[in-house]
Every structure is written in structure tokens, then in C-alpha cells.
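The chain contents come next:
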Amino acid sequence: MVNYEGAVEKMNVVLMRKFREFAETRRLVQLPVFLQYYAFDVISYITMDRSFDMMETERDRTGFLHKIKVATEHQMSFGPFPFLHVVLTRVAALLKLKDPHNELFQFIGESIQRFRQVGSEPNENPKSEPFLAKLLDLELKGKIDEGSIFSSCGSNVIAGSDTTAITLSAAFFYIYQNPMVLKKLRDEIDAHERAGLLSSPAGFKEAQQMPYLQGIIRETLRMHPAVAQMLPREVPQDGVVLSGYHFPAKTQVGISAWALHYNPELIDSPRVFRPERWLEGDANKPLSPALNFAFGGGSRVCLGKNISLLEMAKVIPEVVRHFDIRFKNPGQRWELDVGWFTWSSYKCWIEERRPAKG
Ligand code: HEM
């Protein structure tokens, strides 16, 4: 993971500069949208040493975000009927309709060519190395081909952008809507800083030693799993018994993280954001592993889990350390747009952190 820290830090510099700009100009910001730009820029920088410049330009320059949304909506509608997807894809090919991901594929293709020719950009962190460098290494050893390089980069960008943005939007929403949570996190940040245990910018290893921060990340993933839909699995040859019911081979079974994470049989007060429940010594320990399903589980568990944990562990303390967030509608519930993902929407002002009273 440390190989990707340099890339995250480089993009965090842009995020912090933009936040300062928002604070100076007192702009009302649709934070979840800006965090989509952030997550897109970070994952493309980690993967291909090249960002989409979405934060800088403050827009979905290439239209990718919109196209990924259209594609996931299609996936959600036709996923349960795969044969319909095949039919539609053939019809689209006959009608010569453009694949919604075309521009993204073009960007990835160009980035791979550029990297093959010029290699990595000089980075302040000598240990930094993009994901693509590892893929090219595997190609040299004859372990993967051009197609796998291309699809791995595409999967990272598509699977790692909205998911991380949604989780970060939820984290900031919960932190700044809950003054006690904000205070406890700031106390932890300040104490670690005073003890010389937290650098600027926050190191990943340092952030892992901050229990309250880690509790916030885990509780955010529990309260607001980015993927709303059931994660399907096919029953193996001998069938399986689940909750007392027998399912024959090849049946599709699955569950959504939301159903597990809010199950009152597994957790007290599931609707309350309480990072403490994840901390050592909390009265409710041990928590069921089923409450930890935001990244899925088993053999198809999220491959980018640690990358997104790295991003969140580094950016949350930086923002909380330096900025206050004031909501346009404090105390109000946010708007959710639930499909494949669980996008949220809220407006807020970013302000320089005020010194604590007293
Ligand atoms: C908070 C952020 C993220 C969340 C909540 C998330 C969630 C998920 C979920 C629920 C799955 C399906 C797992 C299953 O079926 O058991 C998945 C799969 C996947 N994720 Fe993530 N993800 C996140 C970030 C990322 C990132 C940053 C990357 C890439 C760097 C990534 C790459 C993938 C890939 C490649 C798969 C497919 C794995 C497979 O089918 O074998 N994800 N993710």
C-alpha cells in the first residue's frame, strides 16, 4: 500500500487547495460531487500515474461519471436477466451505438501507451509506483497480456471511484453532523500530533494507529455501504442450506450489505452512528463479522479494499484537522439516489477550522 501513498498525497494537495479556495470564496459546495472528482482523480493517479484533472477543473470533463452511472443503471436493470443484456448488446452493435465507456477506454489506452514510452512522473515519494508499473512488470515476465493490463486499469477506475466517493461523502456527513464525534476525532488528531505520532500530511501507518479514526471509517462503511444491491453467488454442485432452506445447485443467492448492517438481531441501535462500537473494550464487543460486508466477502471480495482504506485514512484527518463543514440544511436528512450505488447529495460550506472554545 505504501507504494500508493505518494499518489494519494499528490491528489490531497489539490483537494486541500480547492477546499481553501471554497473557504475563501464562501462557496456553497455540493460536496459529494466534488468528492467524486477527488476519488476519480486519485484512483486514476494511483493506477496510471495520470489524473483526470476533475478536481482542478471542477467538472466531469470527459463525461465518465455520468457514463458510469448510466452503465451501472443498465447493469442493475438487466443484471437479473443476463440473456437480455446479450440481446441488447447485439442490437446496440447492429445499430452501431457507442459503448458508454468509449472515452474512458480511450483515456486508459493512451495512458498505457504514454507510460510505456515515458514511464512514471517524478514523484516526491521515491517509493511511489503506479499500479500500471506492476502490471507491465508482470507482462515482461509473460504472466499477463495487453488485454489484462487494459481491463485491470479499467476495473480500478470503474470500481474504485464512485465507491470511495460515496463512502467519503458519508464519512464527512456523519462526522460533521455529530459534534461529539467531531470533537473526539479532533482530540485524537491533536493528541497524536502533540505526541509526534501524526505527521503532516498524515501517514497511512500513523492513521492506522488512531483507533477513533478507524472506528469512524468502519462505522461509516456499516451505516452507508456504497453498493446497495445484493451480491450474488451461484450455489455449488451439492446445493446449500441457508437459514433452514435448501437451495439446489446453480440457484443465485445473495444479500445486500444494507440488510445485514441494519439487522437488529446483529446490532443495537443500527440507525445510530456510533464509532465507539468498533473500539476495543466497548460493551457491545465482539461485533459480528456480518456487519463488515461493505466490501463483500469470500473469493469475490473487493480487490481494492485496502486502496480505498488508504485513501480514506489519509484524507479524513487532513480535512478534519484544517476545516469545518457547515451544512446548508443542518440536521436534515440527506437525499439519496439508490441504484447499484447509494449516492447521496448535500450542500455545505467549507470553512477554515475555528480554534476550539475555552
Ligand atoms: C469504499 C470503497 C469501495 C467499496 C465499498 C467497494 C465495494 C465492493 C464490493 C461490494 C464488491 C463486490 C464484492 C463481492 O461480490 O463480494 C467489490 C468488488 C470489486 N472492487 Fe471494490 N469497493 C471499493 C473500492 C474499490 C477500489 C478502490 C478498487 C480498485 C482499486 C476496487 C476494485 C474492485 C474490484 C476489481 C472488484 C471485483 C472483484 C471480483 O469480482 O473478484 N474497489 N467492491
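Residues numbered from 1 in each chain as written. Predicted model: local features only at pLDDT ≥ 70, side-chain atom pairs only at ≥ 80, totals over all residues. Heavy atoms only, no water.

Caption draft 1: The coordination of the iron atom of the ligand, seen in detail. There is one protein donor for the iron atom of the ligand, and it is Cys302 (SG), at 2.3 Å. Tracing the sequence through the fold places Cys302 in the loop between α13 (257-261) and α14 (305-322). (Donors = N, O, S within 2.8 Å, 3.2 Å for Na, K, Ca; no water. Helix = DSSP H or I, 4+ residues; strand = E, 2+ residues; numbered from the N terminus.)

Caption draft 2: Region of the structure containing the side chain of Asn156. Locating Asn156 in the fold gives a position in helix α8 (residues 146-160). The residues contacting Asn156, other than those within four sequence positions of it, are Ile43, Thr47, Phe131 and Ser161. (Contact = heavy atoms within 4.5 Å.)

Caption draft 3: Representation of unusual backbone geometry. A cis amide bond, omega 0°, links Ser200 with the succeeding residue Pro201. Topologically, Pro201 is positioned in the loop between α10 (179-194) and α11 (204-208). Look at Ser243: it is not a glycine, yet its phi comes out positive at around 45°. Its location among the elements puts Ser243 in the loop between β3 (240-242) and β4 (245-247). Taking relative accessible area as the criterion, Ser243 reaches 75% and is therefore assigned exposed. Even without glycine at this site, Ser269 takes up a positive phi of about 40°. One can find Ser269 in the loop between α13 and α14. Judged by relative accessible area, Ser269 falls into the partly exposed class, the value being 45%. (Buried < 20%, exposed > 50% of the residue type's maximum accessible area, 1.4 Å probe, protein only.)

Caption draft 4: Broad picture of the site of the ligand. As a matter of local geometry, the ligand sits amid 22 residues, with Thr167, Arg233, Gly297, Arg300 and Cys302 nearest to it. With respect to the ligand, the backbone of Gly297 contributes an N or O atom lying 3.1 Å from an oxygen atom. Contact distances for the ligand include 2.8 Å between an oxygen atom and a side-chain N or O atom of Arg300. Mapped onto the shell around the ligand, the elements with two or more residues apiece are α8, α9 (162-177), β2 (231-234) and α14. (Near = heavy atom within 4 Å. Polar contact = N/O pair within 3.5 Å; in protein donor to acceptor, adjacent residues only side chain to side chain.)

Caption draft 5: Layout of the nonpolar core. Of all hydrophobic cores here, the largest spans 81 residues; its most connected members are Leu15, Phe172 and Ile316. For this core, the leading source of residues is helix α2 (residues 31-48), giving eleven residues. Counting residues in hydrophobic clusters, the runner-up holds five residues, among them Ile166, Ala226, Phe341 and Trp343. (Core = buried A, V, L, I, M, F, W, Y, C linked by side-chain atoms within 4.5 Å.)

Caption draft 6: Quick look at the sheet that holds strand β9 (residues 347-352). Judged by pairing direction, the sheet is antiparallel, and its three strands sit side by side in the order β1-β9-β6 without closing on themselves. The open sheet is flanked by β1 (28-30) and β6 (323-327), the only strands paired with a single partner. Across the sheet, the mean angle separating the axes of adjacent strands is 45° when strand polarity is ignored. Strands β6 and β9 of the sheet are contacted by α14, whose axis makes an angle of about 85° with β6. (Pairing = 2+ DSSP bridges. Axes fitted to C-alpha atoms, helices over the stretch in contact; angles between N-to-C directions.)

Spatial relationships are all this shows, so hold off on functional conclusions.
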